[in-house]
Structures are given as structure tokens and as C-alpha cells.
Amino acid sequence: MAKSNRKIVPESRQVLQQWKYEIAAEFGLPVGYGATGAADTEFAGELGALGGGQSSGGGWGHLTSRENGSVGGEITKRLVAHAERNFIL
């Protein structure tokens, strides 16, 4: 089966990017523009806005699969928790 990164709600892209940087900062992972590992969650939104982690001084490529996976796993946990709080089946 082909993998698809298509967003069902395209407007969610910015929120997911912000969450990614917030969670990385909470975990103490050095990502973003000029990242030194001392990121603070207060500035996580700005980290995502400064080049989206594609700068030569930061980014995600230097992190291990486990570190990157922990960020993705936490995003999934938060999405599930949000859905459980807000949707009644």
C-alpha cells in the first residue's frame, strides 16, 4: 500500500508543525534555527517559523530515529486525547 502524507484537513499543517517543535523543545531535542539544545517551549512556535527546521544550523537529520519517533508518537497521543475529549460517538 502506498504511503500518503496528504492532510485530510490542509489547515492542520501549521498546527502540526508547531506541535512538532513544541514537543521537541519539551523533550530537550536540539532542532530549529541555531538550535543548541537549550530550547524553551515558550519559543517553540518561533522555532518552527524560522525556516521549518531546514536551516544548516539546525534541523532534524542529526537526531536518532528513536528521538524523531518519540516526537511523532507524542503528536499521535495528543491527537487521540484531543479526539477523545471532543468527539462523542
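Just so it is clear, the structure is predicted and the values come from calculations on it, not from any experiment. (Residues numbered from 1 in each chain as written. Predicted model: local features only at pLDDT ≥ 70, side-chain atom pairs only at ≥ 80, totals over all residues. Heavy atoms only, no water.)

Enquirer: In this structure, what is going on with the overall build of the chain? I would like to understand it.
Expert: The number of helices and strands found in the chain is three helices and zero strands. If you list the helices and strands of the chain from N to C, you get α-α-α. The burial tally for the chain puts 20% of its 89 residues in the buried class. For the chain, the proportion of contacts with a sequence separation of at least 24, taken over those separated by at least 6, is 55%. Carbon together with sulfur atoms contributes 56% to the accessible area of the chain, which is approximately 6,500 Å² in total. (Helix = DSSP H or I, 4+ residues; strand = E, 2+ residues; numbered from the N terminus. Buried < 20%, exposed > 50% of the residue type's maximum accessible area, 1.4 Å probe, protein only. Contact = heavy atoms within 4.5 Å. Areas by Shrake-Rupley, 256 points an atom, 1.4 Å probe, with all protein chains shown as cover.)

Enquirer: Just to check I follow, could you spell out the confidence of the model for the chain for this structure?
Expert: For residues with low pLDDT, the predicted coordinates do not support detailed interpretation. Per-residue confidence for the chain gives a mean pLDDT of 75; residues scoring 70 or more make up 65%. Element-level pLDDT for the chain is lowest in helix 2 (residues 44-49), with a mean of 54, against a maximum mean of 92 in helix 3 (residues 65-86). (pLDDT = per-residue confidence, 0-100.)

Enquirer: Looking at this structure, I do not really get the packing of aromatic side chains. What am I missing?
Expert: A ring pair, where both rings are aromatic, is described by two values, the distance of the centres and the angle of the planes. One pass over the structure, following the stated rule, counts one aromatic pair. Centre to centre, the rings of Tyr 21 and Trp 60 are 5.3 Å apart; their planes meet at 65°, and the pair counts as edge-to-face. Pair noted here: Tyr 21 is in helix 1 (residues 12-26) and Trp 60 is in the loop between helix 2 and helix 3, with a separation of 39 residues, a long-range link. Neither Tyr 21 nor Trp 60 differs from the other in exposure class; each is buried. (Phe/Tyr/Trp six-rings, centres within 6.5 Å; stacked < 30°, edge-to-face > 60°.)

Enquirer: When you look at the nonpolar core in this model, what are you seeing that I'm missing?
Expert: Within soluble globular proteins, side chains that are nonpolar generally end up buried alongside one another. Counting nine residues, the largest nonpolar core is built from Tyr 21, Ile 23, Ala 24, Leu 29, Val 31, Trp 60, Leu 63, Val 71 and Ile 75. Taken together, the elements giving at least two residues each to this core come down to helix 1 and helix 3. The greatest single-element share of this core, amounting to three residues, is contributed by helix 1. Beyond its immediate sequence surroundings of up to four residues, Leu 29 is in contact with Ala 24, Leu 63, Glu 67 and Val 71. (Core = buried A, V, L, I, M, F, W, Y, C linked by side-chain atoms within 4.5 Å.)

Enquirer: Any chance you could explain helix 1 here in plain terms?
Expert: Residues three or four positions apart in an α-helix share a direction because the helix packs 3.6 residues into each turn. When the terminal C-alpha atoms of helix 1 are compared, their 21 Å separation across 15 residues agrees well with the 21 Å that a helix rising 1.5 Å per residue should span. Just beyond helix 1, the residue with positive phi is Gly 28, at close to 75°. (Expected span 1.5 Å × (residues − 1).)

Enquirer: I would appreciate a short explanation of helix 3 in the present structure.
Expert: Its 22 residues give helix 3 an end-to-end C-alpha distance of 31 Å, which sits within 8% of 32 Å, the value for a rise of 1.5 Å per residue. Every buried residue belonging to helix 3 is among Val 71, Glu 74 and Ile 75, and all of these are buried. Along the axis of helix 3, the buried positions cluster into a sector of 100°, meaning they face one direction only. Those residues of helix 3 that are exposed and aimed more than 90 degrees away from the buried face are Ser 65, Arg 66, Lys 77 and Glu 84. Where the residues of helix 3 are buried, they touch helix 1. (Arc of directions from axis to C-beta.)

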